[in-house]
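# Observations on chain architecture
Listed below, chain by chain, are the residues.
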Amino acid sequence: MRIFFFSDTHGYAEALLAFERHVNAEQPDILCFLGDALYHGPRNGIQQDYAPQEAVAILNRLAPLMLAVRGNCDAEVDQMLLKFPCMETYATLFADGRRFFLTHGHKYDAEHLPPLPENTIVATGHTHIPVLERSGARILLNPGSISLPKNGSVPSFAEYADGVFLLRELHSGQAYARLALTGETAVDL
């Protein structure tokens, strides 16, 4: 199974178009959207390509593949426009015999989780900073933000396929970090 993880699009259509090109070219089985779809948030200045109506159209084209959770900037009015459910705080996905706990990160994060089995893969967004690391038996994944990266990071998304996680730069698609389920530590490529 091939899964793409992305987060914190914040209504930026240009970034979503770049992500959609990867989806169309690479045909993942599922898209895990980790919240903050349309609103840019009061801490983020509005950039030129802020276009929430265009972002809605792109996200709706991706809807058949989408499993989404609610971010702290998502509102019920957003759900009225989007053709996929996105108002739950978390979702659980089972793939390749593993449990993935999906959440935005503003209520649950690596330090504040509900009771979960130790080998759960925890995927969050919220910080706009990519993370791919082991924490005991868990794997912690944050794909970063495709539109508003922070802390010197690049626009990014994550991929899981055949027991391997990759952090990928949005525009080039190049992987820059890798982690396998088989016990290796995260490797910067």
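Residues numbered from 1 in each chain as written. Predicted model: local features only at pLDDT ≥ 70, side-chain atom pairs only at ≥ 80, totals over all residues. Heavy atoms only, no water.

## Digging into the overall build of the protein chain
- When helices and strands are tallied, the protein chain shows three helices and 12 strands.
- For 189 residues, the compact-globule estimate of 2.2 N^0.38 gives 16 Å, and the C-alpha radius of gyration of the protein chain, at 15 Å, lies within 12% of that figure.
- Reported as C-alpha extents along the three principal axes, the dimensions of the protein chain are approximately 45 × 35 × 30 Å.
- The buried share of the protein chain, reckoned over its 189 residues, is 55%.
- Put simply, the protein chain has 14 plus and 22 minus side-chain charges, and the middle of one group is 2 Å from the middle of the other. (Helix = DSSP H or I, 4+ residues; strand = E, 2+ residues; numbered from the N terminus. Rg over C-alpha atoms; globule rule 2.2 N^0.38 Å. Buried < 20%, exposed > 50% of the residue type's maximum accessible area, 1.4 Å probe, protein only. Lys, Arg positive; Asp, Glu negative; His and termini not counted. Charge placed at Lys NZ, Arg CZ, Asp CG, Glu CD.)

## Topic: a nonpolar patch on the surface
- Taken together, the side chains of Val 77, Met 80 and Leu 81 define a hydrophobic patch exposed on the protein surface, amounting to about 340 Å² of accessible area.
- With respect to the secondary-structure elements, Val 77 resides in helix H3 (residues 76-81). (Patch = residues over 30% accessible without salt bridge, like charges linked within 9 Å, V, L, I, M, F, W, Y side chains within 5 Å. Areas by Shrake-Rupley, 256 points an atom, 1.4 Å probe, with all protein chains shown as cover. Salt bridge = Lys/Arg side-chain N within 4 Å of Asp/Glu carboxyl O.)

## With respect to the side chain of Asp 36
- Here Asp 36 shows up in the loop between strand E2 (30-33) and helix H2 (52-62).
- Apart from the residues within four sequence positions on either side, Asp 36 is in contact with Asp 8, Thr 9, His 10, Gly 71, Asn 72, Cys 73, Asp 74 and His 104. (Contact = heavy atoms within 4.5 Å.)

## What to know about the environment of Leu 31
- Following the sequence through the fold, Leu 31 ends up in strand E2.
- Looking at Leu 31, the relative accessible area reads 0%, which means it is buried.
- Distance from Leu 31 to Phe 5, taken between C-alpha atoms, is 6.0 Å for residues 26 residues apart in sequence.
- In contact with Leu 31, other than residues within four places in its own chain, are Phe 4, Phe 6, Phe 19, Val 23, Leu 62, Leu 65, Met 66 and Leu 67.

## A look at the environment of Arg 138
- With respect to the helices and strands, the residue Arg 138 is situated in strand E8 (residues 138-142).
- A C-alpha to C-alpha distance of 9.7 Å links Arg 138 and Leu 181, two positions 43 residues apart in sequence.
- For Arg 138, the contacting residues outside a window of four places in its chain are Leu 113, Leu 116, Pro 117, Glu 118, Thr 120, Val 122 and Glu 133.

## Some details on H2
- Listing the buried residues of H2 in full gives Pro 52, Ala 55, Val 56, Ile 58, Leu 59, Asn 60 and Leu 62.
- Against the buried residues of H2 lie strand E1 (2-6), helix H1 (13-26), E2, strand E3 (66-68) and H3.

## With respect to the pairing of E2
- Where burial is concerned, the two faces of E2 agree: the one with Ile 30 and Cys 32 and the one with Leu 31 and Phe 33 are both buried.
- Both E1 and E2 contribute to a ladder of four bridges, which runs parallel. Opposite Phe 5, over in E2, you have Cys 32 as the bridge partner.
- Two elements, E2 and E3, share three bridges in a ladder whose sense is parallel. Bridge assignment links Cys 32 to a residue of E3, and that residue is Leu 67. (Pairing = 2+ DSSP bridges.)

## Looking at the packing of H1 against H2
- At a closest axis distance of 9 Å, the pairing of H1 and H2 adopts a crossing angle of 20°. In terms of orientation, H1 lies roughly parallel with respect to H2. As H1 runs across H2, the sense of the crossing is left-handed. On H2, the residues that touch Ala 13, Leu 16, Leu 17, Phe 19, Glu 20 and Val 23 of H1 are Glu 54, Ala 55, Ile 58, Leu 59, Arg 61 and Leu 62.
- Of the residues belonging to the contact of H1 with H2, the class tally is nine nonpolar, no polar and three charged. (Axes fitted to C-alpha atoms, helices over the stretch in contact; angles between N-to-C directions. Parallel < 35°, antiparallel > 145°, perpendicular 65-115°, else oblique. Left-handed = near helix turned anticlockwise from the far one by under 90°. Nonpolar A, V, L, I, M, F, W, Y, C, P; charged D, E, K, R; others polar.)

## As for the environment of Lys 150
- As for its placement among the helices and strands, Lys 150 is situated in the loop between E8 and strand E9 (156-161).
- For Lys 150, a relative accessible area of 31% translates into the label partly exposed.
- Residues Lys 150 and Gly 173 lie 23 residues apart in sequence; the distance between their C-alpha atoms is 19 Å.

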